[in-house]
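Listed here are the chains, written in short residue letters.
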Amino acid sequence: MTAAVRTRFAPSPTGFLHIGGLRTALFCWLYARRHGGRFILRIEDTDLERSTDEAIQQILDGLEWAGLAHDEGPFYQTRRFGRYREVIEAMLQEGSAYRCYCTKEELDQLRAAQLARGEKPRYDGRWRERTDSRPGVQPVIRFKNPLDGEVVVEDVVHGRVVFQNRELDDLIIARSDGSPTYNFCVVVDDMDMDITHVIRGDDHLNNTPRQQNMLEALGRRPPVYAHLPMILGADGAKLSKRHGAVSVLQYRDEGYLPEALLNYLVRLGWSHGDQEIFSLDEMRRAFDIADVNKSAAAFNADKLSWLNQQHMMRAPLARMIWPLRWQLERAGVEVEDEVRLEQIVLALRERVKNLKDMAAQALFFFRAPLAYDEKAQRKHVTPDVLALWGALAGELAALQPWTAPALHELLNGLAAANGLALGKLVQPIRLAVCGAVVSPPIDATLALLGREETLSRLARAKAAWSP
RNA sequence: GCUCCCUUCGUCUAGAGGCCUAGGACACGGCCCUCUCAAGGCUGUAACACGAGUUCGAAUCUCGUAGGGAGCGCCA
């Protein structure tokens with residue numbers, strides 16, 4: 001029996017959760033779910049200067065909105081300082097770590113000199129074998145990295161990556177104030193939390209050999225590593241605020257369904273034959289970390305939009321209600337009637353790309369238009385049609401029942417009887433009730449609007465349009 | 001600068017030596033459907049970075065070159 005899969009997502013709360021982080025979380029989550037394992041959330045907040053509670057909350061909110069529930073945690077590194085100290089003490093005892101009394105100035109000087117010589121800047125190990133100390137200097141603790149030989153990282157996505165130990169220097173694992181550093185905490189945490197699969201961005205690939213060396217010094221076998229390709233901005237440059245390095249919560253605000261965002265993200269670097277649209281369940285069943293490819297992917301907002309619409313068209317109506325209602329509220333309209341909301345979803349979901357637009361397009365169902373599109377008015381409102389408005393109003397008033405099919409029949413009949421193409425009759429009506437000439441089919445629109453409101457808007461329009 | 005990683009249509013990708021005159025999707029163009037807008041159907045334009053090898057045969061293997069990215073912090 002193989003050990004249960006345990007993955008972790010370990011963001012540092014120095015900013016919001018963005019697309020890249022969410023994708024990493026998604027892959028960790030999917031992999032754990034796929035294998036009946038556990039998904040652990042760990043907050044890497046050892047940078048006391050830059051970590052904030054707001055950022056932590058944002059990350060939690062973002063993951064919750066996305067539906068990526070963790071099974072354990074969140075664990076905070078700041079609450080584990082005692083444990084780190086304990087491990088460092090042990091390493092000092094058995095000689096895999098040592099105190100270094102170099103000053104920052106000294107190190108800066110060393111770096112500058114190396115750079116000037118065209119060398120890779122790195123610590124030269126000058127305190128590695130010393131046992132004395134330097135009065136007045138608080139030492140840092142460094143890990144004693146092997147001097148020669150190689151470290152082989154067996155990466156699930158990149159394959160075998162070999163590093164030479166002589167390229168690696170003795171990194172600092174505890175600052176002079178005693179606080180532990182990232183590369184060390186990760187190792188201890190992954191070890192203590194029994195993480196079996198470390199899935200993270202490939203910007204960490206270069207950290208991996210040192211982490212593996214530390215793990216070895218601690219007497220542990222390395223976990224399985226999977227380094228995911230980066231996500232680039234639409235122009236192929238590094239993701240920045242302009243591109244989509246915005247909080248994932250902003251996607252919620254813009255009217256995206258989380259399952260659509262996740263679907264978009266899962267296809268960045270991963271594929272399953274020719275399939276483009278995945279439900280969460282399908283993703284879970286089909287996903288395998290071994291199918292992830294190596295190259296960075298550019299973010300494409302058009303495709304995300306398309307996917308969002310596809311998911312809206314496929315979603316159960318009930319699932320669409322709360323986000324639509326939320327968007328409507330943000331647009332200033334409170335709606336209680338869920339049946340009506342469902343009908344609106346039905347009428348609009350194939351004509352908009354997101355819920356925010358859906359709410360905007362739905363507004364006329366709740367508020368009569370304040371103005372009419374002038375261009376459309378010039379084009380569609382003719383004396384011929386206006387002459388029919390009396391008859392139209394009369395027939396509408398008498399129509400039984402007030403349903404889309406009945407309305408359809410009525411409009412068709414009226415147009416035919418007067419030798420008009422249906423469009424000639426319908427566009428002015430559309431303009432009268434919506435204020436514009438874009439809406440769902442007119443029969444469905446009027447059916448949803450109701451008889452009373454329809455008649456009142458027709459009358460208002462007629463008054464506004466009559467010379 | 002050094003080390004590591006990456007390289008198929010504009011973009012996301014399929015492709016694991018012959019199935020490839022390179023497939024799908026988004027976007028873009030055309031046609032159809034049609035009361036508007038969409039959605040949908042059909043269809044078109046468009047790619048193996050370059051150069052050497054290996055092989056009967058290479059998008060697929062090897063080596064170079066070029067381009068891009070990451071790391072080299074008492075940041076994570």
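Residues numbered from 1 in each chain as written. Chains lettered and ligands numbered in written order. Predicted model: local features only at pLDDT ≥ 70, side-chain atom pairs only at ≥ 80, totals over all residues. Heavy atoms only, no water.

Draft legend 1. Up close: the protein's contact with RNA strand B. Close contacts around RNA strand B come from 64 residues, with G118, R175, G269, E350 and S439 the closest. Counting only atoms of RNA strand B within 4 Å of the protein, the sugar-phosphate share comes to 69%. Interatomic distance of 2.9 Å between a backbone N/O atom of R267 and a sugar or linking oxygen of RNA strand B. Within the side chain of E276, one N or O atom sits 2.9 Å away from a base nitrogen of RNA strand B. Contributing elements (two or more residues each) for the surface near RNA strand B: α4 (104–116), β7 (159–164), α5 (182–192), β12 (297–298), α10 (301–314), α18 (422–434) and α19 (442–449). The biggest single contributor to the surface near RNA strand B is α10, with 6 residues. Of the residues that constitute the surface near RNA strand B, the class distribution is 22 nonpolar, 20 polar and 22 charged. (Near = heavy atom within 4 Å. Polar contact = N/O pair within 3.5 Å; in protein donor to acceptor, adjacent residues only side chain to side chain. Helix = DSSP H or I, 4+ residues; strand = E, 2+ residues; numbered from the N terminus. Nonpolar A, V, L, I, M, F, W, Y, C, P; charged D, E, K, R; others polar.)

Draft legend 2. Representation of unusual backbone geometry within the structure. For the bond from G73 to P74, the omega torsion is 5°, close enough to zero to count as cis. Tracing the sequence through the fold places P74 in strand β3 (residues 72–76). P401 follows Q400 through a cis peptide bond whose omega is -10°.

Draft legend 3. Spotlight on the packing of helix α16 (residues 389–398) against helix α20 (residues 451–465). It is the contact of α16 with α20, at a shortest axis distance of 10 Å, that shows an interaxial angle of 170°. In terms of orientation, α16 and α20 fall into the roughly antiparallel class. Contacts between α16 and α20 involve W389, L392, A393, L396, A397 and A398 from the former and R451, T454, L455, L458, A461, K462 and W465 from the latter. Here the residues of the contact of α16 with α20 are counted per class, giving 10 nonpolar, 1 polar and 2 charged. (Axes fitted to C-alpha atoms, helices over the stretch in contact; angles between N-to-C directions. Parallel < 35°, antiparallel > 145°, perpendicular 65-115°, else oblique. Contact = heavy atoms within 4.5 Å.)

Draft legend 4. A negative patch on the surface, seen in detail. Residues E329, E334, E336 and D337 make up a contiguous surface patch of negative charge. Turning to its location among the elements, D337 is positioned in the loop between α11 (317–330) and α12 (338–348). Overall, the relative accessible area of 40% leaves D337 in the partly exposed class. (Patch = residues over 30% accessible without salt bridge, like charges linked within 9 Å, V, L, I, M, F, W, Y side chains within 5 Å. Areas by Shrake-Rupley, 256 points an atom, 1.4 Å probe, with all protein chains shown as cover. Salt bridge = Lys/Arg side-chain N within 4 Å of Asp/Glu carboxyl O. Lys, Arg positive; Asp, Glu negative; His and termini not counted. Charge placed at Lys NZ, Arg CZ, Asp CG, Glu CD. Buried < 20%, exposed > 50% of the residue type's maximum accessible area, 1.4 Å probe, protein only.)

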